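A closer look at the structure
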Amino acid sequence: MRGRFITFEGGEGSGKSSHAARLAERLRGRGIDTVLTREPGGSAGAEIIRHVLLSGAAKPLGAETEAILFAAARDDHVRSTIVPALAKGEWVICDRFIDSTRVYQGSLGDVDPRLIRSLERVTVGEAVPDLTLIMDVPAEIGLARAAKRRGGAAPDRFESETLEFHDRLRHAYAALAKVEPERCVLIDASQPMPQVTDDIWTEVAKRFGPLRAAPARAAVP
Ligand code: TYD
């Protein structure tokens, strides 16, 4: 049976990456083979394109070209990493996927939705996520967290956008969740971390449960 495909989405500093990693660990703890991956990147070819995109080198070429580059990276990632894992029955947890392109390049970059849909059609094919968890956090909180995590390092191409950009991003994600409520769920990521972890697990168990119980630890003699 095809494995499950779960994606995490949200703005900067929304905790996606930490929660994606936690969920993958928890699933593995239940005996489910799980691949944790991310975009842009997640395969050798896509990692090369990631560097071009996040360095800001492609920014002068415009949002349309950036959308095409994200799609090129996705195409390699889907073929090399996601589809083979799902075919083996493994679960795939991906930190960002199609909705990042819809929101960052589509809603905020004003790229024609028809181009976005066409790119999705050729890159994603059958690999449509079964569940998308959208980590919702006010832009000020997310940006402050991202700055703290970075330490003294310079912000990347998208982190350096304005507060207004990140606020619009949050609203665009919320709107997207309304359009596809059967796939997308908003998670209140401003709550304390253990609560967010619980909410995510509740959602996953609701969709895909019952999940096998964690194997009992061997008794220590
Ligand atoms: P990354 O360093 O992975 O950070 P984050 O923790 O925010 O995911 O950076 C990925 C950046 O690329 C992020 O700012 C969002 C952006 N992005 C797009 O604009 N479109 C896309 O399709 C994807 C996958 C990412």
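Heads up: the structure comes first, above all this text.
Since we're looking at a predicted model, the values are computed, not measured.

**A closer look at the packing of aromatic side chains**
- In this structure the tally under the stated criterion is five aromatic pairs.
- Residues F5 and F97 carry aromatic rings whose centres are separated by 5.1 Å and whose planes lie at 75° to one another, so their mutual orientation is edge-to-face. Of this pair, F5 sits in strand 1 (residues 5-10) while F97 sits in the loop between strand 3 (91-95) and helix 4 (98-108), and the two are 92 residues apart along the sequence.
- Chaining the aromatic ring pairs together yields one cluster made of F70, Y104, F158 and F165.

**With respect to the site of the ligand**
- Close to the ligand lie 16 residues; E12, K16, R96, T101 and Q105 are nearest.
- Interatomic distance of 2.9 Å between a side-chain N/O atom of E12 and an oxygen atom of the ligand.
- Within the side chain of T101, an N or O atom sits 2.5 Å from an oxygen atom of the ligand.
- Contact with the protein chains removes 93% of the 540 Å² of surface that the ligand exposes when unbound.

**Regarding the layout of surface pockets**
- Its volume calculated, the largest pocket comes out at about 740 Å³.
- Around the largest pocket, the lining is made up of 32 residues, and of these E12, K16, S17, R96 and R149 lie nearest the centre.
- Of all the secondary structure elements, the ones that give two or more residues to the lining of the largest pocket are helix 1 (16-29), helix 2 (44-54), helix 3 (63-87), helix 4, helix 6 (139-150) and helix 8 (193-208).
- For the lining of the largest pocket, the element with the most residues is helix 1, which contributes four residues.
- Among the residues forming the lining of the largest pocket, the class breakdown is 10 nonpolar, 10 polar and 12 charged.
- Estimates place the volume of the second largest pocket at around 260 Å³.
- R102, V103, S107, R117 and L176 are, among the 13 residues lining the second largest pocket, the residues nearest its centre.
- Elements represented by at least two residues in the lining of the second largest pocket include exactly helix 4, helix 5 (113-124) and helix 7 (163-179).
- In terms of residue class, the lining of the second largest pocket is made up of eight nonpolar, two polar and three charged.

The rules behind each value
Residues numbered from 1 in each chain as written. Predicted model: local features only at pLDDT ≥ 70, side-chain atom pairs only at ≥ 80, totals over all residues. Heavy atoms only, no water. Phe/Tyr/Trp six-rings, centres within 6.5 Å; stacked < 30°, edge-to-face > 60°. Helix = DSSP H or I, 4+ residues; strand = E, 2+ residues; numbered from the N terminus. Near = heavy atom within 4 Å. Polar contact = N/O pair within 3.5 Å; in protein donor to acceptor, adjacent residues only side chain to side chain. Areas by Shrake-Rupley, 256 points an atom, 1.4 Å probe, with all protein chains shown as cover. 1 Å grid on protein atoms, 1.4 Å probe; cavity = no way out; pocket = protein on both sides within 12 Å on 5 of 7 lines; lining within 4 Å. Points joined across faces, edges and corners; volume = space filled by probe spheres on them. Nonpolar A, V, L, I, M, F, W, Y, C, P; charged D, E, K, R; others polar.

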